[in-house]
Amino acid sequence: SGWHLYTLTYNGDKQCIYKDAVAQTTPAAGGGPVNTGASSNFIIGAEYDGTTPNDAGMAEARVLSRAYSAAEISQLYSNQNTPGTFWSSVGSLVQI
């Protein structure tokens, strides 16, 4: 139960998987750029065949043009896990 932050990074050379900002794999060579074209099988939230939905629930998905560093992933997890620390650090924003 509860939520988890899963992050897959690929920096053009190595890929790594994180769960809640903790590396689950050693950065390893392999992979390649994500193909998001019309004929690709790039799927978030379903099995590879695209027909079996993920029943775990998903609140957010992001695809970026660069790999987050371990420090950025840790900060992202902290901001999501304890939103009060994020809101207090930006000062001028008001939490709604």
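The structure displayed is predicted, hence computed values, not measured ones.

**Topic: the pairing of strand β2 (residues 14–19)**
Right, so step 1: Relative to β2, strand β1 (residues 6–10) is paired through 5 bridges, and the arrangement is antiparallel. Its bridge partner being in β2, tyrosine 6 is matched across the sheet by lysine 19.
Right, so step 2: The antiparallel hairpin formed by β1 and β2 contains 3 residues in its connecting segment, where glycine 12 sits at a positive phi of about 95°.
Right, so step 3: When β2 meets strand β3 (residues 22–23), the two strands line up antiparallel, connected through 2 bridges. Each residue of the ladder has a partner; that of lysine 19, found in β3, is valine 22.
Right, so step 4: Linking β2 back to β3 in an antiparallel pair, the connection comprises 2 residues, with aspartate 20 at a positive phi of about 55°.

**A short note on the environment of threonine 7**
Right, so step 1: Structurally, threonine 7 is set in strand β1.
Right, so step 2: When the C-alpha atoms of threonine 7 and valine 22 are compared, they prove to be 9.5 Å apart, with 15 residues separating the residues in sequence.
Right, so step 3: Non-local contacts of threonine 7, meaning those with residues more than four positions away in its chain, are made with Cys16, Ile17, Tyr18 and Ile73.

**Focus on the pattern of salt bridges**
Right, so step 1: One pass over the full model with this rule turns up 1 salt bridge.
Right, so step 2: For glutamate 72, the salt bridge is made with arginine 66, and the minimal N-O distance between the two is 2.7 Å.
Right, so step 3: Judged by its relative accessible area of 47%, arginine 66 falls in the partly exposed class.

**Focus on the environment of lysine 14**
Right, so step 1: Residue position: lysine 14 is located in strand β2.
Right, so step 2: Judged by relative accessible area, which is 37%, lysine 14 ranks as partly exposed.
Right, so step 3: For lysine 14 and alanine 67, which are 53 residues apart along the polypeptide, the C-alpha to C-alpha distance reads 10.0 Å.
Right, so step 4: Residues within four places of lysine 14 in sequence aside, it is in contact with Thr9, Pro27, Ala28 and Ala29.

**Brief notes about the side chain of asparagine 79**
Right, so step 1: Secondary-structure assignment places asparagine 79 in helix α1 (residues 70–81).
Right, so step 2: Side chain to side chain, asparagine 79 and glutamine 75 meet in a polar contact 2.8 Å long.

**With respect to a nonpolar patch on the surface**
Right, so step 1: On the surface, a cluster of nonpolar side chains totalling about 270 Å² of accessible area is made up of Ile44, Met58 and Val63.
Right, so step 2: Among the residues examined, methionine 58 registers a relative accessible area of 44% and is labelled partly exposed.

**Here's the deal with unusual backbone geometry**
Right, so step 1: One non-glycine residue, aspartate 20, lies in the positive phi region at around 55°.
Right, so step 2: As for its placement among the helices and strands, aspartate 20 is situated in the loop between β2 and β3.
Right, so step 3: For aspartate 20, a relative accessible area of 17% puts it in the buried group.
Right, so step 4: The backbone of alanine 21 sits at a positive phi, close to 70°, despite the residue not being glycine.
Right, so step 5: Its location among the elements puts alanine 21 in the loop between β2 and β3.

Procedures and definitions
- Every residue gets a number counted from 1 within its own chain, in the order that chain's sequence is written.
- The predicted origin of the model limits local features to residues at a pLDDT of at least 70 and limits the giving and counting of side-chain atom pairs to 80 or more, whereas totals for whole chains, interfaces and linings rest on all residues.
- Computation of side-chain values: all heavy atoms of the structure, hydrogens and water removed.
- When DSSP finds two or more bridges between two strands, those strands count as paired.
- For helices the rule is a DSSP run of H or I covering at least 4 residues; for strands it is a run of E covering at least 2, with both sets numbered from the N terminus onward.
- By definition, residues are in contact when any of their heavy atoms lie within 4.5 Å.
- A side-chain nitrogen of Lys or Arg and a carboxyl oxygen of Asp or Glu constitute a salt bridge if their distance falls within 4 Å.
- Remark: exposure states derive from per-residue accessible area (1.4 Å probe, protein chains only) relative to the maximum for the residue type, with buried under 20%, exposed over 50%, and partly exposed in between.
- Identification of polar contacts relies on pairs of N or O atoms within 3.5 Å, with a donor-acceptor requirement for protein atoms, meaning one able to donate a hydrogen and the other able to accept it, and with residues adjacent in sequence counted only if both atoms are side-chain atoms.
- Exposure above 30% relative accessible area and the lack of any salt bridge qualify a residue for a patch; like charges then connect within 9 Å, and the nonpolar side chains Val, Leu, Ile, Met, Phe, Trp and Tyr within 5 Å.
- Accessible surface area values rest on a Shrake-Rupley calculation with a 1.4 Å probe, where residue burial reflects the displayed protein chains alone.

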